[in-house]
Number of protein chains: 2
Amino acid sequence: MRVAGWVSEVRDLGKLRFIVLRGERKVQITMKRGEVSDDLFSATEDLPQESVIEVIGFETDRKIARSADLEVIPKEIRVISRAEKKLPLDPNWKVQALFPTRMKYRPLDLRRPEVQAVFKIEASFIKGAMDWLDENGFLMVFTPSIIGAASESGAEVFEVKYFDKKAYLRQDPQLHRQLTILGGFTRIYDIGPNWRADPSHTTRHMSEFRSIAVEMAFISDEEDTMRVEEQVIVAGMRRVQEERQKELELLGVQLEIPRTPFPEIRFPQVYEVLEGMGKRIEYGGDYDTESEELLWRYAREKYNSDFIFVNRFPFAVKPFYVMKADDTWARSVDLIYKGEEVSSGGQREHRYDVLMRQIEEKKLDKQSLEWFTSFFRYGAPPHGGFALGVERFIYRMLNLQNIREAALFPRDIERVLP
Amino acid sequence: MRVAGWVSEVRDLGKLRFIVLRGERKVQITMKRGEVSDDLFSATEDLPQESVIEVIGFETDRKIARSADLEVIPKEIRVISRAEKKLPLDPNWKVQALFPTRMKYRPLDLRRPEVQAVFKIEASFIKGAMDWLDENGFLMVFTPSIIGAASESGAEVFEVKYFDKKAYLRQDPQLHRQLTILGGFTRIYDIGPNWRADPSHTTRHMSEFRSIAVEMAFISDEEDTMRVEEQVIVAGMRRVQEERQKELELLGVQLEIPRTPFPEIRFPQVYEVLEGMGKRIEYGGDYDTESEELLWRYAREKYNSDFIFVNRFPFAVKPFYVMKADDTWARSVDLIYKGEEVSSGGQREHRYDVLMRQIEEKKLDKQSLEWFTSFFRYGAPPHGGFALGVERFIYRMLNLQNIREAALFPRDIERVLP
């Protein structure tokens, strides 16, 4: 058989030499003087950690290897790539590195099994979510990343030099998801990158992040989108539980599949609950990061749940396209998971005249939004959806210390390389 | 039962009125005077095409409807959104629109069943490809879109104003896929957007496009990546065949699952074959668009195949990171499908010293590539992969007239809205 991988460890015990390989599996190469040729000993003399080797040999079932998936007696060993002895980061983590070092030498950091585990779990979560969406009639689509008009506030968008014009990177494929619905696609999802030019240095923001964004037509109200969202999350988590037990153990995470429906709290009750917990927010105001933490505590205590939907935000703090439930409150929904806002969504306003009034109310420029609003004149169904932040969710699900750990190569104000 | 959709047609036949709805299904609402209340007749009087209505009623099996999926006798009809009478584009296609008009009013264009079919087929193709990759041990990953250094020529990249610095949109997640491999992930795929600032107006280029990009470690040579690529394509096409017969028929496409392995032609034989077809390319030169067309014809005639791999391109015309097979030719592979280059790939150079020599040979700045090359000093396995252009592939598979038809909201030098 043929195995290959990165040399994680070489142990010399006189007549015995063990080489532990990191690769698709963890393999122990066992060399015993007399049993294997002396050439193999000299070929692997002073073999630096992280070198890549290929081994032809046969599997043994002597069970000498305690922690390897496979033990191999070599007949041939080929050193494919000899690593430099001095590593800027030790993938065996015997010498631990600080966070900036980890990010600087990310490819070496990624070799750590506990780091690999994060991405294996992330892939399973997304696949579980996608499969549920497919099975429930949602079509995978791709909406554009480059947009000709800064959609919302415009404050935190990245500008692109687009030939001789200016364009922007989307913050959320929100408006194009709506236009896809107006295009007669009644249930869609879009998994892709979004960007926010957020100059902050928090552990919960990145400049580039992915979302699972869902939009659906012919809903009764925003509750329909919440029912879909919780099923998407449960399907993702179930898939992780099925496929990634080993990785969860490695990270010390016990995954509990949440009960549905998730509890919900609405404004203005949010103000009362927060006030009861000692946090005062002005009536009609938005909540803040600390409130998210408190509402999670509330959800744990009252509902024994890590999830809670927060609904009916003040229209005043939300974008023009959300649907109002009355003059003050909007059918605008956040999902809080373990103290963190992991998604935003709700029902969108589909009535052209109401939409135009809301644009007036927000004192926005009607003409600059016409590329979007004009299509509501030709038949628009009630619709809504949500965008779930993938890295944000995984960061909380796995109790990571920094959202950047959930991105292969995170991007922020100081990081665009590697 | 409750059905809803866009009014596609209203037919009045004296005592009978038929309303045909476009939605998740095609529904015919049948109203007979005396059988349904007169209120329903007045509510649907002068109902403009493309209005959105909701109907409560019961299904009938009288089979009056010839081409609808469902026929409903209404008890209640609610007009949700009344469309303006004058439409800038007719989704029934009784009045056909020119291409620029289609793109300008894309949400109306998207309502056409033959346009919807393209995206349903595209989703099935991608899902089929993904499932094959998952089943064969490839991990779904997301590499960054924003990069701090223009990777290749730098000529056709979009520049992003990144806080107070400059950054770029990736042309291909190539280099980060390689760094992910160096991060110990041995089989990965990345489905996401790429950008090319191509100012041309051809029917085969867009500024923003998606690729299914695959990278794998421990390959023997570039042939391994070709074997994976053809399986990915076959899996995608099979899924289309299984799930989208109706859509294929609507587009008049007969899908044939290609035989594998796909035929292959190598440089310098490419020059001879082309010369035999009357096309002369200087020895050592790159091929062009016309050559792609000719090589397809060659593949059809010689192998009865719409696919042909073109391998061993001149190193001189390829980027620094490709692996040479000898001094002149590289393990660099394109796939031609129906006269169109749909993917690029091959084996990458993993030996640090060789990589550095190739950078010298290309007269590139070593220091500006250090963020990438430095990681090859710490153990690099042989690896390779490919990036298959999704819209490009679908455009050819469905014999579309313009690649833009395979993007919901295409982006090019004149289009960033809607």
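Here's a quick rundown of the structure. None of the values given here were measured: they were computed from a predicted structure.

All right, on to the sheet that holds strand E6 (residues 139–140) of chain B then. Residues and elements named next belong to chain B. Within the open sheet, the eight strands sit side by side as E6-E10-E11-E16-E15-E14-E13-E12. Their pairing is mixed. Strands with a single pairing partner mark the edges of an open sheet, and in this sheet they are E6 and strand E12 (264–266). On the sheet, helix H8 (residues 269–276) packs against E12 and strand E13 (307–311) and is oriented at approximately 100° with respect to E12.

Before going further, it helps to spend a moment on the pattern of salt bridges. Two side chains that carry opposite charge are able to pair once their charged atoms sit near each other. Residue and element names in this part refer to chain A. In total, this model carries 83 salt bridges over all chains according to the counting rule given. The residue Arg112 makes a salt bridge to Asp109 at a minimum N-O spacing of 2.8 Å. For the pair formed by Arg112 and Asp109, the shared burial category is buried. The shortest N-O distance in the salt bridge between Glu215 and Arg348 comes to 2.8 Å. You can see Glu215 sitting in strand E11 (residues 208–217) and its partner Arg348 sitting in strand E15 (residues 340–348), a full 133 residues away along the chain. Judged by its relative accessible area of 0%, Glu215 is buried. Judged by its relative accessible area of 4%, Arg348 is buried.

Turning our eyes to something else, we now look at the sheet that holds strand E9 (residues 165–169) of chain A. A sheet is described by the order of its strands in space; here six strands give the open sequence E7(A)-E9(A)-E8(A)-E8(B)-E9(B)-E7(B), paired in antiparallel fashion. The two strands at the open ends of the sheet, each matched to only one other strand, are strand E7 (146–147) of chain A together with strand E7 (146–147) of chain B. Sheet analysis places E7(A) next to E9(A), joined by two bridges and oriented antiparallel. Residue pairing in the sheet places A:Ile146 in a bridge with A:Leu169 of E9(A).

The next point concerns the interface of chain B and chain A. Opposite the 92 residues of chain B that make contact, chain A presents 92 residues. Buried surface at the junction of chain B and chain A, both sides included, amounts to about 7,800 Å², of which 67% is carbon and sulfur. Of all residues in chain B, B:Phe142, B:Phe163 and B:Tyr378 give up the largest surface area on contact with chain A, accounting jointly for 10% of the area buried on that side. Applying the counting criterion to the chain B and chain A interface returns six salt bridges. The salt bridge partner of A:Lys127 is B:Asp131, with a shortest N-O separation of 2.5 Å. Our enumeration of links across chain B and chain A arrives at 44 residue pairs in polar contact (both at pLDDT 80 or more). Here the element with the most residues in the side of chain B that touches chain A is helix H4 (residues 113–135) of chain B; it accounts for ten residues. Among the residues making up the side of chain B that touches chain A, the classes are represented as 52 nonpolar, 15 polar and 25 charged. Sheet topology places strand E8 (residues 159–162) of chain A next to strand E8 (residues 159–162) of chain B; three bridges connect them, and they run antiparallel. Bridge pairing links A:Lys161 to B:Glu159 in E8(B).

About the thresholds
Residue numbers restart at each chain and count upward from 1, following the sequence in its written direction. As they are written, the chains are lettered A onward and the ligands numbered 1 onward, keeping that order. With the structure being a predicted model, the display of local features is reserved for residues of pLDDT at least 70 and the display and counting of side-chain atom pairs for 80 or more, all residues being used for whole-chain, interface and lining totals. With hydrogens and water stripped out, all remaining heavy atoms of the structure feed into the side-chain values. Two strands make a pair as long as DSSP finds a minimum of two bridges between them. By the criteria applied, helices consist of DSSP H or I runs no shorter than four residues and strands consist of E runs no shorter than two, each listed in order from the N terminus. The contact criterion used throughout is that any non-hydrogen atoms of two residues lie within 4.5 Å. Angles shown run from 0 to 180 degrees and are taken between the N-to-C directions of axes, each axis being a line fitted to C-alpha atoms and, for helices, limited to the stretch in contact. Salt bridge criterion: a side-chain nitrogen from Lys or Arg within 4 Å of a carboxyl oxygen from Asp or Glu. Only protein chains enter the area calculation, which uses a 1.4 Å probe; residues under 20% of their type maximum are buried, those over 50% are exposed, and those in between are partly exposed. Here the buried area means the combined drop in accessible surface, using a 1.4 Å probe, for two parts upon being joined, counting both sides. Pairs of N or O atoms within 3.5 Å make up the polar contacts considered here, provided that, within protein, one atom can donate a hydrogen while the other can accept it, and that residues adjacent in sequence are counted only when both atoms are side-chain atoms. Residues are sorted three ways: Asp, Glu, Lys and Arg are charged, Ala, Val, Leu, Ile, Met, Phe, Trp, Tyr, Cys and Pro are nonpolar, and all the rest, Gly among them, are polar.

Any link to function would need more than the numbers given here.
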